[in-house]
Structure formats: C-alpha cells, structure tokens
Amino acid sequence: MELKKHQDQRLPERKGQKRKLEEEIEEEQREISAVEEAAAAPYGEARKVILNEVYAQVNILNSTFSWDEAHRATAKRATHVLAELAKNEEVVNLIVEGGAVPALVKHLQVPPSSEIDHDNSKPFEHEVEKGSAFALGLLAVKPEHQQLIVDAGALSHLVSLLKRQRDVHKDGSDSRAVNSVIRRAADAITNLAHENSSIKTRVRMEGGIPPLVELLEFTDTKVQRAAAGALRTLAFKNDENKNQIVECNALPALILMLRSDAAAIHYEAVGVIGNLVHSSPSIKREVLAAGALQPVIGLLSSCCSESQREAALLLGQFAATDSDCKVHIVQRGAVQPLIEMLQSPDVQLREMSAFALGRLAQVKKITQFQDTHNQAGIAHNGGLVPLLKLLDSKNGSLQHNAAFSLYGLADNEDNVSDFISVGGVQKLQDGEFSVQATKDCVAKTLKRLEEKIHGRVLNHLLYLMRVAEKAVQRRVALALAHLCSPDDQRAIFINNSGLDLLLGLLGSSSPKQQLDGAIALYRLANKATILSPVDAAPPSPTPQVYLGEQYVNNATLSDVTFLVEGRRFYAHRICLLASSDAFRAMFDGGYRVRSCNCADVMVYQPFFVSLLGKGARDGCFQTLFCHPIFCCYLNSFN
C-alpha cells in the first residue's frame, strides 16, 4: 500500500517531465522549420536568416556551459538545431562562418564539477556532448572544414568521449546515452580523418586507436559498427595506424564480426581487414593466421552486395601475396560464388569477382602445378563464358579485369579447346578496348593460345571439327585459320574439311559470319603465301590486267565460264593469266581445268559474285581467290 502511494506521488512529476520534454521538442522543430522556410527564399534573404539563426544558437552555447538544468536543456536544443541545419551541405559553410565550430567543440566536454548541484545530479548527461559530436561530424563532411575542427581541439575531446564506456559500470550511468555519445564520437572521427593523412596520424597521436579497438567488442552493435568504420578510415594508406591496430589485438574481434548476421557489421569488418592487408604482406600473413580466410569466403554469398565486393577484393589480395593461399581459396569453395558474381547486375561486383578470379588464375613458377589446377577449375565451373561477356562492357576497369582473368585461363592446355569452342578467339579479336593495357593483355592472350595449338590440343580441336555441332565446328575453323601453324594447314583445312567450313560461312545470312569467314580465308591465304613461297607459281610477267567495267561478267569474247550453283559467270583467260600467278598455274600447269573452258565452282554464290566483281580491284579478295589452296579446291570438283 505504501509503495503504491509513493508511486502515485511520483506520477505527476513524471507527467510534468514528459510535458516539458514535448514542449522542448516542439520549440526545436519550430526553429528548424523557420530556417528551412528561409532556405527556400531568395539567396540573399535566406543567407541572412540562416546566419542569424546560427549566431543565435552559438550565443546560446557560449552562455550555457554549466550543469544548470535549464542551461543543459537549452544547450542540447542548440546542438540539435545546428546538427539539423548541417544535414544540408549547402548550409554547412554558413554554420562554420557563424562561429559554430569553437562553440560545439567546447560542449564536447562536461562542465566543471563545481557547477554540479548539491544533490550531485547531472541533467542531460551525455546528451549535449552527443549533439555536439554529431554536428561536428556533419560539418567535417566537407574537407575544407576538417583541419579547422581539429585545430579547435576537437580530437582530444572526441577520444575522451570514446573512453566513457569504461565508466558505465562504475557510476551506473545510463548505458543507452553513453552508447549514443560514443557512436557519435566515433562517427565524427571517421569524417574528420576521411582522406586526410595528417588527421589520421593526429588521431593516433591523441591515443584514439586503443579505445576504438576496445569498442569492437562492445555489446551495442551500433557502437561496434561505428568503431569499425573509424578504424577502417584510419587504416587506409597509413602504415603506422595499421600496425597499431594490429598490435592492439583487433584481429580476433574483427574476424568474429565477419561472421555476424548483421550486414552492417560484417561489411565494416571486412573493410577494416581489407585496408589493413593492403600493401602489407606481413599483416596479410597475420590475418590469415588468425583465421580470416573461411569467413571472408563465406561473405561471397552474403545478401549484402557491399560485403560481397569487399570479400572478393580481399581474396584477390590474399591470392596475390601467398601462392599457397590460392589453392586454399579454391579448395574452400570460393570459385563458384565468384563465378556467380560475374553475372550480377552490380558492375562493381562483376569487377571485383573478375579481379579475384584473375589473381587465382595467374601462375607462379614455384607453384605452377597447383595454379594450373586452379585455372582448370575456374573454366570447368563455368567461368569462361561470363568472363568473355564482360569484354563487351564499357567500363574500362571491368573490361581489363576480365581480360586479365582470361589471360590466366588461356595458359592451361585443358582450357584451350573450351576457350575456342565457345567463341573466345572471336570475342578477343572483335572487342573494342578503351585501355592500352587491356589491348596488350588481349594480344598476349591470343599469342598464348596460338602457342598451344599443337599436340593433344590440336587433336581435340580436329575432333570437334568432325563431331561437334555446326556452330562449334565453325568457331574452331575460324580460330585455327588465325592461330594454327602453317605446317598444320593442310591437315586442318584440306584433310579435315576446315576449308569447307570457312567457305560455308560466306553463304550465311549473317553479315557478321560472312565477314568472319572472308577474313579467316584471307588470313589463311596470306599466311600460306608468305610462309610457303616455294608452293607459289613463277612470277607473272605482267602484274595485272584491267578491263573496262563493261567486260566484267560479260559473255562477249569470254573464253572462261564459271558455274556457281548452276549460274554462269563469265571471265577472260588472258586477264586471269596475266593478273594471277595462281590462275596461270591453274591453266598452264597440271590442273584438270586446263583443257576445258568451264570450271564448276562449288562455293556459295554471293561470295563468288563479289570475287568476280572486285577481283582486280580489291586486294583482299584477289589474294584469296588467286591463292593455290583455293584453286586446288575449285579444280577438285571438275
């Protein structure tokens, strides 16, 4: 009964506090709304209104640095108003111009102890400091204000706020309020140090790294995330900070965070580790020894695309440093999710997965045997086709990572047939590459493939030309026309009907296939002419004979007729003899067509018509049409 009476006595007090808090919030919202309305006015008037508001809040902060409850409430509201204004980047410069930085830095500290009331109460404890840290963090988003805030003495006070967690259990403070102020302090440090190497060093000199590492094991996940975010920024391109973070034993906590179910936690953790290991082989070894590999591989299947991206990047870094680690990465299941990421709609995911696969596919002499198994595994698990598709990307970095990966895969003989059968050679030849390094990488890949077209690789390709589906047969014939050795041309194109496949492309309904076939035949003819001069007929006494256009495919005085699919095309023997060593050998030598005036040409009509129309004027078609290989083909059907 007595207890109920006591509670009833406190009820009006609680209602009064609630009403007072609601009034404060309403007043704060009115002030913010008035400024927002002013921002929509003409620039000169808006600037004046905003500056006046900033001056008013700064004056409040400068005159309320005490433990007086009214002062604390007013200061808290002032920090909130300035923070709300600072969320608009267009207003940030005016806030700084209005003198807000020194006033906010002052309120990162607690008022003097002598100002505490006789009952030892601390009204709004942690709240004013939290608001000040939040506002300063928003001002620090603009790089030009970072140094100003640090010079005003903010860093030492922010580091002191990070250490407040140590006092939570000692004095029974409100843990929720402490968590909030610590988080805002960590966020402010992150923004102050962002891409500012001197401030990163200042944070270390002020003793900020040890408390941040301690906060990685804090019970509040928001605090963990904020601490990891700050460490991530401090570790980026700062070797001394990296070393201190590791020396403070941050790795065990970070690796536990990698296994968190919360995406925000494992994203920050993998980011910290990625920055720690970048350009630091010794830290990479420590990270691997601490057990980071498996949880990082696990993040490749995360629902968080940012974590997937960071994990792929980190695996690429692991693979570059330690060749033994490549095998472990593959054995622990990284290849399949990386290949799946190649097909993601997210460009950055595709880029990072291609980067990781490229590192896994590169061979080092000391681990060549193991690395070649990695190459075969990537291709076998379906990595070739999506990597080839990435060559069509307009993103230069993505395109280069894909080309680099393909260069590694092309080193393995077991991959060459698959590479060619899916059209990889045509993709490399037809690609439009914006970066010279990518062009060089593609050229080296084609050269690497060319060097492997012999022995069992060539035998497998010839087998595919005989038994595979037509599309694959044509791709193989096209690739071999560009890559095969001259010594293997007869075996490929005469004995195994490769020439039939190339000529068949010329009658395709696809202009692209017609062009591919013509270029392949031209390349084949040129290669044979240049590298096999012994097979060519004696030089013609007259290089070329030109007839008027009225005599092209005209029966008048024609003494040679070509039959193409039942249609007649007319030519002149003297023109052919004089213009072509090959035709002179054809008519004057041992060909059966020598004694007849009609050659039945079993090729597709559109291509042959183009030859008759352009033969004397187009160097490409003339070289092809007049080559001994082609003449032999014509003669074989008479």
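Residues numbered from 1 in each chain as written. Predicted model: local features only at pLDDT ≥ 70, side-chain atom pairs only at ≥ 80, totals over all residues. Heavy atoms only, no water.

A. Up close: the overall build of the chain. Along the backbone of the chain there are 38 helices and 3 strands. In the chain, 72% of the contacts between residues at least 6 apart in sequence involve partners at least 24 apart. For the chain, the exposed area adds up to about 30200 Å²; of that, 51% sits on carbon and sulfur atoms. (Helix = DSSP H or I, 4+ residues; strand = E, 2+ residues; numbered from the N terminus. Contact = heavy atoms within 4.5 Å. Areas by Shrake-Rupley, 256 points an atom, 1.4 Å probe, with all protein chains shown as cover.)

B. Quick peek at helix H13 (residues 221-235). Taking 1.5 Å per residue, 15 residues should reach 21 Å; H13 reaches 21 Å between its end C-alpha atoms and fits that length. Most of H13 is tucked away, with 12 of its 15 residues classed as buried. Here H13 has its buried residues at Val 223, Gln 224, Ala 226, Ala 227, Ala 228, Gly 229, Ala 230, Leu 231, Arg 232, Thr 233, Leu 234 and Ala 235. Measuring from the backbone nitrogen of Lys 222 back to the side-chain oxygen at the start of H13 gives 2.8 Å, which picks out Asp 220 as the cap. Just downstream of H13, Lys 237 is the residue with a positive phi angle, here 55°. (Expected span 1.5 Å × (residues − 1). Buried < 20%, exposed > 50% of the residue type's maximum accessible area, 1.4 Å probe, protein only. Polar contact = N/O pair within 3.5 Å; in protein donor to acceptor, adjacent residues only side chain to side chain.)

C. The environment of Asp 488, seen in detail. By the secondary structure assignment, Asp 488 is in the loop between helix H30 (470-483) and helix H31 (489-495). As for Asp 488 and Leu 458, which are separated by 30 residues in sequence, their C-alpha atoms are 9.2 Å apart. With residues up to four places along the chain from it excluded, the contact list for Asp 488 reads Ile 453 and Leu 458.

D. Spatial organisation of helix H15 (residues 251-258). Taking burial as the measure, the 8 residues of H15 include 6 buried ones, the bulk of the element. Among the residues making up H15, those that are buried are Leu 251, Ala 253, Leu 254, Ile 255, Met 257 and Leu 258. On its buried face, H15 sits against H13, helix H14 (239-247), helix H16 (263-277), helix H17 (281-289) and helix H18 (293-298).

E. Region of the structure containing the pattern of salt bridges. For the structure shown, the criterion picks out 14 salt bridges. Measuring nitrogen to oxygen at the nearest pair gives 3.6 Å for the salt bridge that ties Arg 232 to Glu 268. Remark: Glu 268 occurs in helix H16 and Arg 232 occurs in helix H13; sequence separation between them is 36 residues. The buried category is assigned to Glu 268, whose relative accessible area is 16%. For Glu 413, the salt bridge identified is with Arg 456, shortest N-O distance 3.4 Å. With Glu 413 in helix H26 (residues 413-421) and Arg 456 in helix H29 (residues 455-467), the pair connects residues that are 43 residues apart, well separated along the chain. (Salt bridge = Lys/Arg side-chain N within 4 Å of Asp/Glu carboxyl O.)

F. Representation of the packing of helix H6 (residues 127-139) against helix H10 (residues 175-193) in the model. Relative to each other, H6 and H10 sit at 20°, their axes nearing to 8 Å. By the angle between their directions, the pair H6 and H10 is classed as roughly parallel. In terms of crossing hand, the pair formed by H6 and H10 is left-handed. Packed against H6, whose contacting residues are Glu 127, Glu 129, Lys 130, Ala 133, Phe 134, Gly 137 and Leu 138, the element H10 presents Ala 177, Ser 180, Val 181, Arg 184, Ala 185, Ala 188 and Asn 191 at the interface. A class-by-class count of the residues in the contact of H6 with H10 yields 7 nonpolar, 3 polar and 4 charged. (Axes fitted to C-alpha atoms, helices over the stretch in contact; angles between N-to-C directions. Parallel < 35°, antiparallel > 145°, perpendicular 65-115°, else oblique. Left-handed = near helix turned anticlockwise from the far one by under 90°. Nonpolar A, V, L, I, M, F, W, Y, C, P; charged D, E, K, R; others polar.)

G. Molecular detail of the nonpolar core. The biggest cluster of nonpolar side chains holds 160 residues, and the ones touching the most others in it are Leu 139, Leu 158, Leu 254, Leu 480 and Leu 502. Ranked by the residues each element gives to this core, the list is headed by H10, at 9 residues. With sequence-adjacent residues up to four places away left out, Leu 480 is seen in contact with Ile 453, Leu 458, Leu 461, Met 465, Ile 492 and Phe 493. (Core = buried A, V, L, I, M, F, W, Y, C linked by side-chain atoms within 4.5 Å.)

H. The arrangement of the confidence of the model for the chain in detail. Per-residue pLDDT for the chain averages 82, and the proportion of residues at 70 or more is 75%. Below a pLDDT of 50 lies the segment residues 1-15, which in the model reaches 0 contacts outside its immediate sequence neighbourhood of four places, other chains included. Counting interchain partners and residues more than four positions distant, the pLDDT-below-50 stretch residues 531-537 has 5 contacts. (pLDDT = per-residue confidence, 0-100.)

I. Quick peek at unusual backbone geometry. Its identity is not glycine, yet His 126 carries a phi of approximately 80°, on the positive side. Within the secondary structure layout, His 126 lies in the loop between helix H5 (100-106) and H6. For Lys 237, which is not glycine, the phi dihedral falls at a positive 55°. Tracing the backbone shows Lys 237 in the loop between H13 and H14. With relative accessibility at 62%, the residue Lys 237 sits in the exposed group.

J. Quick look at the packing of H30 against helix H32 (residues 498-505). Orientation of H30 relative to H32, taken along the N-to-C sense of each, is 105°, at an axis distance of 9 Å. Comparing their axes, H32 and H30 come out roughly perpendicular. Across the interface between the two elements, Lys 470, Gln 473, Arg 474, Ala 477, Leu 478 and Ala 481 from H30 touch Gly 498, Leu 501, Leu 502, Gly 504 and Leu 505 from H32. Tallied by class, the residues present in the contact of H30 with H32 amount to 6 nonpolar, 3 polar and 2 charged.

K. Representation of the side chain of Gln 362. Positionally, Gln 362 belongs in the loop between helix H22 (347-361) and helix H23 (368-380). Here the side chain of Gln 362 touches Gly 358 through a polar contact of 3.1 Å, landing on its backbone oxygen. There is a polar contact of 3.2 Å between the side chain of Gln 362 and the backbone oxygen of Phe 404.

L. Main features of the packing of aromatic side chains. Taken as a whole and judged by the stated rule, the model has 0 aromatic pairs. Taking the ring centre of Phe 134 as reference, the NZ or CZ of Arg 184 above it sits at 4.0 Å. Against the face of Tyr 267 rests Arg 232, its NZ or CZ located 4.6 Å from the ring centre. (Phe/Tyr/Trp six-rings, centres within 6.5 Å; stacked < 30°, edge-to-face > 60°. Lys NZ or Arg CZ within 6 Å of the ring centre and 35° of its normal.)

M. The arrangement of the side chain of Glu 127 in detail. In this fold, Glu 127 is placed in helix H6. If we skip the residues at most four places from it in the chain, Glu 127 touches Lys 76 and Ala 177.

N. Structural detail: the environment of His 80. By the element assignment, His 80 lies in helix H3 (residues 69-86). Residues His 80 and Ala 135 lie 55 residues apart in sequence; the distance between their C-alpha atoms is 7.5 Å.

O. Up close: the environment of Val 277. Relative to the assigned elements, Val 277 resides in helix H16. Of the residues examined, Val 277 reaches a relative accessible area of 0% and is grouped as buried. Once the C-alpha coordinates of Val 277 and Phe 318 are considered, the two residues, 41 residues apart in sequence, prove to be 8.4 Å apart.

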